[in-house]
Amino acid sequence: MASNSLLNWLRLARTDGIGPVTFFGLLTKYLTPENALKAVAKITTQNGDIKYKIPPIDDIKNEIEQTEKYGGKFITADDKIFPKGLGALTPPPPIITVLGNLSLLNKPMLAMVGARNASMAGMKMAQNLARNLGNAGYVIVSGLARGIDGAAHMAALETGTIAVVAGGIDHIYPPEHDGLYHKIAESGVIISENPFGAKVFARDFPRRNRIISALSLGTIVVEAEEKSGSLITARFANEQGREVMAVPGSPLDPRAAGPNNLIKQGASLVTSHQDVLDNISSQFKLSAIDEYEYQGNKEYNSDDALKQKIEELLSPVPISLDEICRYSGYSWRIIAAIIIELELEGKAFLRSGNMVSNTP
């Protein structure tokens, strides 16, 4: 993508209040990021105030400069090297920042997540699984957290590992994983959805977990308490049609409650790497048809009948884009554009928690 196009794409993606649904709805309706930015600048609230705060061009230029100076690279959803797993999301993240060995993005991936306060036995199991699955040709994806994440990354350094971080690509969290972070940056890949320099906030972890599961053919949970964030990753994996696997544990250990409950709910029980290989042997392969395809040269035509149908489906109760697509039979890009039109008419709201949510 040309530098000017990247500038506008990133500027639209970084605009406060514009999440993935709004981003791609605008892109479908207005064809280019440049046109979308011009339209966004004119959108007002019911009080007449400018609704979306577009960041200054200099701020975006600074982000690009800092990221590239750090060694990072931007990959937009319309880029050929954008990971297929992310491209299959409804909708995908508009842009990610990556650092490291980008050739790993073309290889099959498996996610491994689990407790931060992991037991020695749990970490040993994670290491064995990661090492053996790595030797079998799979890249191990995790979140660079303490415990199971760190053990999995460490064991897969030689064969390939990807760390999806919740802050900016330069923000190392937790701090004690500074050494591991740099090892992954050298031989593996660091991925972030957030701007360079962004610190970690609680709201960022579910978004990070969604990317971890989407990148991977399956997610393996090794130790997780009942309300662990690892179970959020497993839920995303299930919603995305990926394989969910879990390592069972003693009922006496609270860290086994998560995996054990997942198994009760239908997750595949895993006690060795061969179990994982058997489970994913018939797993779907992400094909080009699943990827996001930029329609910048294709004119969008509004459909009043479909717009009325979508408007009738909306209510004060939040509904996902996937649900609307399944019911209407139309692609999510068309639905997103229609929702933008309804928003412009004051009939739909895309803020999280309202009729259609921008965030997972």
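The structure presented is a predicted model; accordingly, all values stated were derived computationally and were not measured.

Undergrad: Give a description of the overall build of the protein that names residues and reports values.
TA: From N to C terminus, the protein includes 15 helices and nine strands. Taking 21 Å as the expected radius of gyration for a compact globule of 360 residues, we find that the protein reaches 21 Å, a close match to that expectation. By principal-axis analysis of the C-alpha atoms, the protein measures approximately 60 × 45 × 35 Å. Sorting the 360 residues of the protein into buried and exposed places 53% on the buried side. Carbon and sulfur atoms provide 49% of the accessible area of the protein, an area that totals close to 16,200 Å². The average position of the 36 basic charges and that of the 39 acidic charges among the side chains of the protein differ by 1 Å.

Undergrad: Requested: an account of the pairing of strand β2 (residues 95–100), with residues and values cited.
TA: Each regular strand shows side chains that alternate between the opposite faces of the sheet. The buried count for β2 comes to five of six residues, which makes it a mostly enclosed element. Pairing analysis gives four bridges linking strand β1 (residues 73–76) to β2, with the strands arranged antiparallel. Bridge pairing in β2 places Phe74 opposite Thr97.

Undergrad: Please set out the packing of aromatic side chains residue by residue, giving values where relevant.
TA: Here the distance between the centres and the angle between the planes together describe a pair of aromatic rings. If you walk through the whole model with that rule in mind, you get five aromatic pairs. Ring centres of Phe23 and Phe24 lie 5.0 Å apart, and the angle between their planes is 80°; on these two criteria the pair is classed as edge-to-face. Residues Phe23 and Phe24 agree in their burial class; the two are buried. Its guanidinium or amino end placed over the ring of Tyr30, Lys29 lies 5.4 Å from that ring's centre, counting from NZ or CZ. The side chain of Arg203 reaches across the aromatic face of Phe201, ending 4.8 Å from its centre.

Undergrad: Give a detailed account of the environment of Asp59, specifying residues and quantitative values.
TA: Looking at the element boundaries, Asp59 is found in helix α4 (residues 57–70). When its relative accessible area of 45% is taken as the criterion, Asp59 is described as partly exposed. Each C-alpha atom, one on Asp59 and one on Ala166, is 21 Å from the other, the two residues being 107 residues apart in sequence.

Undergrad: How would you summarise unusual backbone geometry if you had to cite specific residues and measurements?
TA: Of note, the amide linkage connecting Thr90 to Pro91 takes the cis form, showing an omega dihedral of -5°. With an omega of 0°, the peptide bond running from Tyr173 to Pro174 counts as cis. Position of Pro174 among the secondary structure elements: in the loop between β5 (161–165) and α8 (178–187). Even without glycine at this site, Glu223 takes up a positive phi of about 65°.

Undergrad: Please give an account of the environment of Gly160 that cites residues and values.
TA: Secondary-structure assignment places Gly160 in the loop between α7 (148–155) and β5. By relative accessible area, Gly160 is classed as buried at 2%. On a C-alpha basis, the gap between Gly160 and Ala39 in space is 43 Å, while along the polypeptide they are 121 residues apart. Setting aside anything within four residues of it in sequence, one finds Gly160 in contact with Leu104, Tyr138, Val139 and Ile140.

Definitions and cut-offs
Residues numbered from 1 in each chain as written. Predicted model: local features only at pLDDT ≥ 70, side-chain atom pairs only at ≥ 80, totals over all residues. Heavy atoms only, no water. Helix = DSSP H or I, 4+ residues; strand = E, 2+ residues; numbered from the N terminus. Rg over C-alpha atoms; globule rule 2.2 N^0.38 Å. Buried < 20%, exposed > 50% of the residue type's maximum accessible area, 1.4 Å probe, protein only. Areas by Shrake-Rupley, 256 points an atom, 1.4 Å probe, with all protein chains shown as cover. Lys, Arg positive; Asp, Glu negative; His and termini not counted. Charge placed at Lys NZ, Arg CZ, Asp CG, Glu CD. Pairing = 2+ DSSP bridges. Phe/Tyr/Trp six-rings, centres within 6.5 Å; stacked < 30°, edge-to-face > 60°. Lys NZ or Arg CZ within 6 Å of the ring centre and 35° of its normal. Contact = heavy atoms within 4.5 Å.

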